[in-house]
Amino acid sequence: MSLPKEKEASKTPTETVIGWLFIFFSFLVMALGYNNSEINTAFWVGVGMIPVGIICIVLGKQKQKNAKACSTSR
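Keep in mind that this is a model prediction, so the values were computed, not measured. (Residues numbered from 1 in each chain as written. Predicted model: local features only at pLDDT ≥ 70, side-chain atom pairs only at ≥ 80, totals over all residues. Heavy atoms only, no water.)

**Thoughts on a nonpolar patch on the surface**
A surface patch of nonpolar side chains, about 610 Å² in accessible area, is lined by V17, L21, F24, F25, L28 and L32. Relative to the assigned elements, V17 resides in helix α2 (residues 14-33). (Patch = residues over 30% accessible without salt bridge, like charges linked within 9 Å, V, L, I, M, F, W, Y side chains within 5 Å. Areas by Shrake-Rupley, 256 points an atom, 1.4 Å probe, with all protein chains shown as cover. Salt bridge = Lys/Arg side-chain N within 4 Å of Asp/Glu carboxyl O. Helix = DSSP H or I, 4+ residues; strand = E, 2+ residues; numbered from the N terminus.)

Now the structure itself:
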């Protein structure tokens, strides 16, 4: 069964979901990397996950915006 094009365009792209998961889990990774006032490598991995998550969210939002524009132009 296929969905109408309007409902299909309103789906959240996978990139956006992955981006939010990167940001959510980055704080967990940073918390695990901070031990007794020492910053370990895991902390910096968590810090690096934040920009990657933001980039994924932006790409997903652009994809969603383009999908909506294509579905309304017809």
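**Here's the deal with the environment of P13**
Residue position: P13 is located in the loop between α1 (5-9) and α2. Overall, P13 belongs to the buried group, its relative accessible area being 9%. (Buried < 20%, exposed > 50% of the residue type's maximum accessible area, 1.4 Å probe, protein only.)

**Observations regarding the packing of aromatic side chains**
All chains considered together, the criterion is met by 2 aromatic pairs. Aromatic pair F24 and F25: ring centres 5.0 Å apart, planes at 75°, arrangement edge-to-face. Of the residues examined, F24 reaches a relative accessible area of 57% and is grouped as exposed. For the ring pair F43 and W44, a centre distance of 5.3 Å and an interplane angle of 85° mean the geometry is edge-to-face. Look at F43 and you get buried, because its relative accessible area is 18%. (Phe/Tyr/Trp six-rings, centres within 6.5 Å; stacked < 30°, edge-to-face > 60°.)

Any functional reading would require information that these geometric values do not contain.
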